[in-house]
Amino acid sequence: MSEAPVITFDGPSATGKGTIAGRVAAMLGFHLLDSGALYRVLALASHRSDIEPDNGAVIAALAPGLPVEFNAGGGIRLHGEDVSTAIRTALVDELASRIAALPEVRKALLPWQRDFRRQPGLVAEGRDMGAVVFADAEVKFFLTASAEVRAKRRHKQLIDKGLGARLPDLLRGLRSRDRRDEQRSISPLRPATGAIEIDTSQLSIDQVVDRVMQSIAARRGG
Ligand code: C5P
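Owing to the predicted nature of the structure, the values given are computational and were not obtained by experimental measurement.

Novice: How would you explain the site of the ligand if you had to name every residue and give the values?
Specialist: Taken together, 15 residues surround the ligand, and among them Arg40, Arg106, Arg127, Asp128 and Asp181 come closest. At 3.1 Å, a side-chain N or O of arginine 184 approaches an oxygen atom of the ligand. Among the elements of the structure, helix H2 (35–48) and helix H4 (90–99) are those that each provide at least two residues to the shell around the ligand. Element by element, the count of residues in the shell around the ligand is highest for H2, at four residues. Classifying every residue of the shell around the ligand gives four nonpolar, four polar and seven charged.

Novice: Go over the nonpolar core, please, and point to the residues and values.
Specialist: Leu33, Leu42, Leu66, Leu78, Ile87 and Phe134 are the most contacted members of the largest nonpolar core, which has 35 residues in total. Secondary structure elements with two or more residues in this core: H2, strand S4 (76–78), H4, helix H5 (103–114), strand S6 (122–126) and helix H6 (129–133). Excluding residues within four positions of it along the chain, leucine 33 makes contact with Leu38, Gln113, Phe116, Leu122, Val123, Ala124, Glu125, Met129 and Phe134. One finds Val24, Ile198, Val208 and Val212 within the second-largest nonpolar core, a separate group that totals 19 residues.

Novice: Break down the sheet that holds S6 for me, citing the residues and quoting the values.
Specialist: Spatial strand order, S2-S6-S1-S7-S8: five strands in an open sheet with parallel pairing. The open sheet has two edge strands, strand S2 (31–34) and strand S8 (196–199), and neither has a second partner. Each neighbouring strand pair of the sheet contributes to a mean axis angle of 20°, computed without reference to strand direction. In this sheet, S6 lies alongside strand S1 (residues 6–10) in parallel orientation, the contact comprising five bridges. Bridge assignment links isoleucine 7 to a residue of S6, and that residue is valine 123. On top of the sheet, helix H9 (residues 205–219) reaches S1, strand S7 (139–144) and S8; it is set at about 155° to S7, its chief contact.

Novice: An account of the sheet that holds strand S5 (residues 81–82) is requested, with residue identities and associated values reported.
Specialist: If you walk across this open sheet you meet the three strands as S3-S4-S5, and the pairing is antiparallel. The sheet terminates laterally at strand S3 (68–70) and S5, the two strands that pair on one side only. Inspection of the sheet shows S3 paired to S4 by three bridges, in the antiparallel sense. If you follow glutamate 69 over to S4, its bridge partner there is arginine 77. Its contacts with the sheet put H2 on S3, S4 and S5, and the angle it makes with S4 is roughly 30°.

Novice: Outline the confidence of the model for the protein, supporting the account with residue identities and numerical values.
Specialist: Averaged over all residues, the pLDDT of the protein is 93; the fraction at 70 or higher stands at 99%. Here S3 is the element of the protein with the lowest mean pLDDT, 89, and S1 is the one with the highest, 98.

Rules used in this analysis
Residues numbered from 1 in each chain as written. Predicted model: local features only at pLDDT ≥ 70, side-chain atom pairs only at ≥ 80, totals over all residues. Heavy atoms only, no water. Near = heavy atom within 4 Å. Polar contact = N/O pair within 3.5 Å; in protein donor to acceptor, adjacent residues only side chain to side chain. Helix = DSSP H or I, 4+ residues; strand = E, 2+ residues; numbered from the N terminus. Nonpolar A, V, L, I, M, F, W, Y, C, P; charged D, E, K, R; others polar. Core = buried A, V, L, I, M, F, W, Y, C linked by side-chain atoms within 4.5 Å. Buried < 20%, exposed > 50% of the residue type's maximum accessible area, 1.4 Å probe, protein only. Contact = heavy atoms within 4.5 Å. Pairing = 2+ DSSP bridges. Axes fitted to C-alpha atoms, helices over the stretch in contact; angles between N-to-C directions. pLDDT = per-residue confidence, 0-100.

Rendered as structure tokens:
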């Protein structure tokens, strides 16, 4: 049997990628991979084991045996504990971004990410899904939005969850993580060859999903 089809969404944080990928996966009946969550869980597990965030070899060695479970509702468990909220703190934002720049860590996560590819298909979202992890993906998207729009979206998300946040701090953190993503030597953030770019700054989630579904239908000959 041929390999399951993959649709990829890449781009910087808070472009709506996660929400859009989730909706598209549900509409197509495909599985979903939030690759950022893997970097986040690994960052959290390393931190809890007191591993320095620049120790690529030790962090990478932790990855294969990590008892992580993903459930359909988006919940994530580590050692049986629900860490869905714990992996979204400002500390883990920073640690995940730092460990993601380490070549050993990116290499260790390759097989783990590719394991999510199953029939009838996979929607994968992150930074390098189309360029590296699933270079043979059927349709690739690259979502962008201005840093100000993204910081405002993240601010609203945190306030809605009852978490405090200051807009200037969010904007600064986001820009510094963007820089790290774009400038790292391995798998820097940039559109994959053939990716369809969508600037979501002025678009609603529904409008982006409509465009995406049209592009998928056109590319897949539906
Ligand atoms: O998307 P999210 O913000 O959850 O990702 C957490 C961190 O993991 C990001 O700061 C990014 O640097 C890194 N990441 C990555 N490659 C991916 C997904 C996430 O480097 N495919």
